[in-house]
Amino acid sequence: EVWMFDLDIQRRKLAKVEENPRDKEADEYQLSQPTAPYTDMTFGMGKRGYPAICMTQLAARTYCQWLTAKTGRYYRLPTEAEWEYACRAGTETAYSFGDDPESLGDYAWYVENSDEKYHPIGKKKPNPWGLHDMHGNVAEWVLDQHSPDYSLWTGKPVVNPLNIPKTEWGRVVRG
């Protein structure tokens, strides 16, 4: 919302603070903001501890560009391989918590235990690296193009795997 509704610019003007070079660079991304919604399609999500929902991959990528300009730190969506690496957290089992799907409910919100609703983030057990909600709750955008014949697992190490998007549609989501 800071990006979408120019809240940072409004705060700066109200406090009578001069914009710095980072502000000037970040303000360029204000031109590529999403249009104002007719109604709040997030249904309160993305606020007060809930995951953000209802955004396109382009909006997520543009937000990363804005956040990079705003903070001076580089942000981007992960590749599918990076997401998988973070989810597995150094394990070699089917899930980061082992091979037993009966334990999934301890680590994830999914169709059988969610009552068909999103839930606040961080309420289930984390993976071994302390990351929450990697196995469920909401789907997460990654950089990769979806392609049925592309696989991260080729039987040999793949260096920097990325299925570079070449078409407008068909993106990968994980989680």
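Provided above is the structure to which this section pertains.
Report follows, based on the coordinates. (Residues numbered from 1 in each chain as written. Predicted model: local features only at pLDDT ≥ 70, side-chain atom pairs only at ≥ 80, totals over all residues. Heavy atoms only, no water.)

1. Observations concerning the pattern of salt bridges
In this structure the tally under the stated criterion is nine salt bridges. Put simply, Glu-19 and Arg-12 hold a salt bridge, and the shortest N to O gap is 3.5 Å. Taking the relative accessible area as the measure of exposure, Arg-12 reaches 11% and is therefore buried. With a closest N to O distance of 2.7 Å, Asp-23 and Lys-70 form a salt bridge. Of this pair, Asp-23 sits in helix α2 (residues 21-27) while Lys-70 sits in helix α3 (residues 57-71), and the two are 47 residues apart along the sequence. Overall, Asp-23 belongs to the buried group, its relative accessible area being 9%. (Salt bridge = Lys/Arg side-chain N within 4 Å of Asp/Glu carboxyl O. Buried < 20%, exposed > 50% of the residue type's maximum accessible area, 1.4 Å probe, protein only. Helix = DSSP H or I, 4+ residues; strand = E, 2+ residues; numbered from the N terminus.)

2. Section: the side chain of Lys-124
Within the secondary structure, Lys-124 is located in the loop between α5 (104-107) and β1 (140-145). A distance of 2.7 Å separates the side chain of Lys-124 from the backbone oxygen of Gly-105, its partner in a polar contact. Each residue touching Lys-124, except ones within four places of it in the same chain, is listed here: Gly-105, Asp-106, Tyr-107, Ala-108, Trp-109, Asn-113 and His-132. (Polar contact = N/O pair within 3.5 Å; in protein donor to acceptor, adjacent residues only side chain to side chain. Contact = heavy atoms within 4.5 Å.)

3. Things to note about the packing of aromatic side chains
Going through the model one piece at a time under the given rule, you end up with four aromatic pairs. Taken together, Tyr-95, Phe-97 and Tyr-107 form an aromatic cluster joined through their ring pairs. Above the ring of Trp-109, the side-chain terminus of Lys-124 is found at 4.1 Å from the ring centroid. (Phe/Tyr/Trp six-rings, centres within 6.5 Å; stacked < 30°, edge-to-face > 60°. Lys NZ or Arg CZ within 6 Å of the ring centre and 35° of its normal.)

4. Some thoughts on the nonpolar core
Within the largest apolar cluster, six residues are counted, these being Trp-83, Ala-86, Cys-87, Met-134, Val-142 and Val-172. Here the element with the most residues in this core is helix α4 (residues 80-88); it accounts for three residues. Beyond its immediate chain neighbours, meaning those up to four positions away, Ala-86 contacts Asn-127, Trp-129, Leu-131 and Met-134. (Core = buried A, V, L, I, M, F, W, Y, C linked by side-chain atoms within 4.5 Å.)

5. Here we look at a nonpolar patch on the surface
A grouping of Tyr-85, Trp-129 and Leu-131 is seen on the molecular surface, where their side chains present a nonpolar patch of about 340 Å² in accessible area. Taking relative accessible area as the criterion, Leu-131 reaches 33% and is therefore assigned partly exposed. (Patch = residues over 30% accessible without salt bridge, like charges linked within 9 Å, V, L, I, M, F, W, Y side chains within 5 Å. Areas by Shrake-Rupley, 256 points an atom, 1.4 Å probe, with all protein chains shown as cover.)

6. Looking at helix α1 (residues 7-14)
Every α-helix carries 3.6 residues per turn, so stepping three or four residues along brings you back to the same face. Every buried residue of α1 is listed here: Asp-8, Ile-9 and Arg-12. Axial view of α1: buried residues confined to an arc of 100°, hence all on one face. Residues of α1 that are exposed and point more than 90 degrees away from the buried face comprise Arg-11 and Leu-14. For α1, the elements touching its buried residues are α2 and α3. Once α1 finishes, Lys-16 follows within two positions and takes phi at roughly 55°, a positive value. (Arc of directions from axis to C-beta.)

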